[in-house]
Each structure stands twice: as structure tokens, then as C-alpha cells.
Amino acid sequence: MTLILGIETSCDETAAAVVADGREIKSSVVASQVDIHRRYGGVFPEVASRQHVLSILPVIDQALHEAGIVSGEEGGPSLAEQGIAAVAVTYGPGLAGSLLVGVNAAKGLAWGQGLPLIGVNHIEAHIYGNWLVDGPPPEFPLVCLVVSGGHTELIQMADHGQYRRLGGTLDDAAGEAFDKVGRLLGLPYPGGPSIQEAARDGNPEAFKLPRAWLPGTHDFSFSGLKTAVLHAVQKFVPRDDMRSSAQGPTVVRELPVADLAASFQAAVVDVLVEKACQAAEEFGARTLLLAGGVAANELLRAEIQRRCPVPVRYPPLSLCTDNAAMIASAGYFNFQAGRQAGWDLDVLPNLKLIA
Ligand code: KG4
Ligand code: ZN
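Residues numbered from 1 in each chain as written. Chains lettered and ligands numbered in written order. Predicted model: local features only at pLDDT ≥ 70, side-chain atom pairs only at ≥ 80, totals over all residues. Heavy atoms only, no water.

Caption draft 1: Structural detail: the coordination of the zinc ion (ligand 2). With distances of 2.0 to 2.1 Å, the protein atoms coordinating the zinc ion (ligand 2) are His122 (NE2), His126 (NE2) and Asp322 (OD). Mapped onto the polypeptide sequence, the residues donating to the zinc ion (ligand 2) form the spacing pattern H-x3-H-x195-D. Here Asp322 lies in the loop between β10 (312-313) and α10 (325-336) and His126 lies in helix α4 (residues 122-128), a separation of 196 residues in the sequence. (Donors = N, O, S within 2.8 Å, 3.2 Å for Na, K, Ca; no water. Helix = DSSP H or I, 4+ residues; strand = E, 2+ residues; numbered from the N terminus.)

Here you go:
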């Protein structure tokens, strides 16, 4: 059994996890900063890195403890003696200041404990969230739809570590569109879960919103949809703005948040599902994977299962959004392939999956 300690600090979650053989979670701890960033309506990078500094050591300690490992203090057994084979850490893409905290913690720990260091690409790790599900592993060749706050990409994977980019967003990422539209509708950050919640009481056909099909490509575009929601919102005057005038109160129509949320969500899901299924069929995929924070969306999960001719898999909810178990899993497969980082490993905020 090969145990990997994974560390993740690319955005606003400080996370550490211990995973066996890339598939079995021994522990997974996530300290979310979402409550701190909510007041800014998005992630405040400077605040995020300071918070990572405060949380990183307690989070690593807790992950080791929950996996039944003592934290390698002087006099006690080392991490290697307790079965940890390597330390894997996200080095990009993400916020530079946030990534630095995880990378430096991982370097210090690996150096001090005489363990190999593995640099993990955050996007690759999201895909490997699908290896943490019980049962047989996903079958190659596969197509993966990566949909997160920063990325919307269709990736073909022939085998471990073998990626080909089929297409991606030309403007906003799907999660970014959810977050921006959430703000337009006055919903709390992050927009994805808030829109999903608001949409429960809404009619997805209430507003005819545009879908960018971009035929003949595997690309996406969400900026036109976002603008269409903005224009729809502008036709309504929020209650707070109601003013009396000599002619009487301004005509006020309350913003139909539920209908707008449902119509927006339906438009995003429609395009994601259609284009992902098309790609899976075209490239002869044996599995279609969903990955990234937006893969937590209930409608997306249900519709892709319903409409895709190819078997679909997605991680459980807790492994869709940022966590370190997926870092440890991707780290394991990189370790198996002999890919190790040097002590000069630096953060790469714009790291791509395929150069
Ligand atoms: O993967 P992730 O945690 O961080 C990045 O790597 O970006 O993804 C966060 C994104 C946010 O944009 C958030 O609004 C979105 O995932 N998200 C959702 C849902 N839960 C999280 N979007 C739609 N529906 C959800 N249920
Ligand atoms: Zn992520």
C-alpha cells in the first residue's frame, strides 16, 4: 500500500489528505474560507493567502491524525516509517500567494522527513477525483468535462497522464458565470450553490436565454448568456429602489430571482451536456467524466446521466469542490510514473494541463 499526503491551497480552501494507492481516502480535511470571502462577493487573494498561513499546519496535523499517523515529531516515528511514500502539492493553476503557502509547507515537510515531493496540476487533480469513487476505476479512453470556477475544458485522456485538449471556454468559465450571475441576482457567494437553491422554485422556461453552440468546435462561451441575464435584470426595478414621485410611486416589478436562476442554470447545463456527450461519442470514449466544482450541480449530474449514450461518472459532492484527496490521488499516479519535483519547485499560477 502506497500512502500519499496531499496538500491543496490554490484558492480559498486549505486542505490536506492521506490517500492509499491513489484510490482509498484515509483522511481528508478541508478548511473552507467561504464565510470570510462572502462579504467581498468573491475570493480576496491577500486575505486568502494569510488565512492559508494560519490554517495549513493544523489542517496537515489533523489529516495525519485522522489517518492514524503521528506527525513525525522529533523522537517519534518518521512519516516514512509510518508508510507515507511522498508529499504531493498543488503548484498551479491558482492564486500565486495561496499556492505559495501550500508549496512551501509541502517542501518543508518533505525535506524534513526525507520524502519525495510531487508537484500536482490542480486541473489534473480534479479529474482524479473520479478515481476516489468505490468500484472499478474509470475506463480509458475517456473524455472529461472539467467545469470549475476558473476552467471549462473538454479533455480526452488515453491513459494516465496522457491528455489532449478538445476545446474549452472562449471567455468565462462555467463556475465564473454562475458566480457572476449569482451576484447580478443578489445571491450570496459562491453563486453556483446559491443559484441551484434559488432555481428550485423557478421555471427554467420563464426566460428564453441564449445558448452558444459554436458548431463544429468543442468550445464554449458563456459571456453572451451572462449579458442576457444582465439585460433581463435591468428590466426590473428592485424593491429597494422604489421611490415616490409627484406622479406617485415608480412602477415596480420585483426581480423574479427563482425564474432567472432556473432559466440561467438550464441554459448552462444544456450546452455543457450536449457538447460533452457529442465529444464523448465522437472520440469513442468508454467513459465520460465530470470534474470540478460545477460538477456538484444537481441538474448537470441528472441531465448528463439522462442524455449521454456513454457511461457517465462524477465524484461525490465533497470531492467536486477543492479538496486534497484529489491532489493525493493525482500525486500517486504521477509518483508511479516516476514524476517527482525538485526542491526548486515554484508556483505556476497559469499552469495548463496541456502545454
Ligand atoms: O473546483 P472549485 O471548488 O474551485 C476551482 O478550482 O475553481 O470550483 C468552484 C466553482 C465556483 O464557481 C462555484 O460557484 C461552483 O464551482 N459550484 C457550483 C456548484 N457548487 C460549486 N456551480 C453550480 N452548481 C453547484 N451546485
Ligand atoms: Zn478547483
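Caption draft 2: Just the sheet that holds strand β8 (residues 162-168), in detail. Ordered in space as β8-β7-β6-β9-β10, the five strands form an open sheet in which the pairing is mixed. For this open sheet the edge positions go to β8 and β10, each flanked by a neighbour on one side alone. When strand β6 (residues 142-147) meets strand β9 (residues 287-291), the two strands line up parallel, connected through five bridges. Its bridge partner lying in β9, Cys144 is registered against Leu289. Seen against the sheet, helix α9 (residues 298-307) touches β6, β9 and β10 and runs at an angle of roughly 175° to β9. (Pairing = 2+ DSSP bridges. Contact = heavy atoms within 4.5 Å. Axes fitted to C-alpha atoms, helices over the stretch in contact; angles between N-to-C directions.)

Caption draft 3: The arrangement of the site of ligand 1 in detail. Surveying the vicinity of ligand 1 reveals 18 residues, the closest of which are His126, Gly149, Asp179, Gly192 and Asn297. In this structure, an oxygen atom belonging to ligand 1 sits 3.0 Å away from a main-chain N or O atom of Gly192. For the shell around ligand 1, the elements supplying multiple residues, two or more each, are α4, α5 (174-184) and α6 (191-199). When its residues are assigned to classes, the shell around ligand 1 shows five nonpolar, eleven polar and two charged. (Near = heavy atom within 4 Å. Polar contact = N/O pair within 3.5 Å; in protein donor to acceptor, adjacent residues only side chain to side chain. Nonpolar A, V, L, I, M, F, W, Y, C, P; charged D, E, K, R; others polar.)

Caption draft 4: Representation of the pattern of salt bridges within the structure. What the rule picks out here adds up to 15 salt bridges. Salt-bridge contacts for Glu24 lead to Lys26; the nearest nitrogen and oxygen are separated by 3.0 Å. When its relative accessible area of 43% is taken as the criterion, Glu24 is described as partly exposed. Using a relative accessible area of 33% as the deciding quantity, one classes Lys26 as partly exposed. (Salt bridge = Lys/Arg side-chain N within 4 Å of Asp/Glu carboxyl O. Buried < 20%, exposed > 50% of the residue type's maximum accessible area, 1.4 Å probe, protein only.)

Caption draft 5: Spatial organisation of the packing of α6 against helix α8 (residues 257-282). At a minimum axis separation of 7 Å, α6 and α8 run at an interaxial angle of 115°. Regarding α6 and α8, the two cross each other, and that crossing is left-handed. For the pair formed by α6 and α8, the contact residues are Ile195, Gln196, Ala198 and Ala199 on the first element and Val257, Ala258, Ala261, Ala262, Phe264 and Gln265 on the second. Here the contact of α6 with α8 is built from residues that sort into eight nonpolar, two polar and no charged. (Left-handed = near helix turned anticlockwise from the far one by under 90°.)

Caption draft 6: A look at the environment of Ser28. Structurally, the position occupied by Ser28 is in strand β3 (residues 24-32). What makes Ser28 partly exposed here is its relative accessible area of 32%. Residues Ser28 and Pro116, 88 residues apart in the sequence, show an inter-C-alpha distance of 20 Å.

Caption draft 7: Quick look at the packing of aromatic side chains. Here the structure, examined in full by the defined rule, presents nine aromatic pairs. Their ring planes at 10° and their centres at 6.2 Å tell us that Phe220 and Phe222 sit as a pair that is stacked. Both residues of the pair, Phe220 and Phe222, count as buried. Put simply, the rings of Tyr128, Trp131, Phe140, Tyr332 and Phe333 pair up and form one aromatic cluster. Just above the ring of Phe220 sits the side chain of Lys275; from NZ or CZ to the centre is 5.9 Å. (Phe/Tyr/Trp six-rings, centres within 6.5 Å; stacked < 30°, edge-to-face > 60°. Lys NZ or Arg CZ within 6 Å of the ring centre and 35° of its normal.)

Caption draft 8: Region of interest: α9. Within α9, the full set of buried residues consists of Leu300, Arg301, Glu303 and Ile304. On its buried side, α9 packs onto β6, α8, β9 and β10. Its side-chain oxygen placed 3.1 Å from the backbone nitrogen of Leu299, Asn297 serves as the N-cap of α9.

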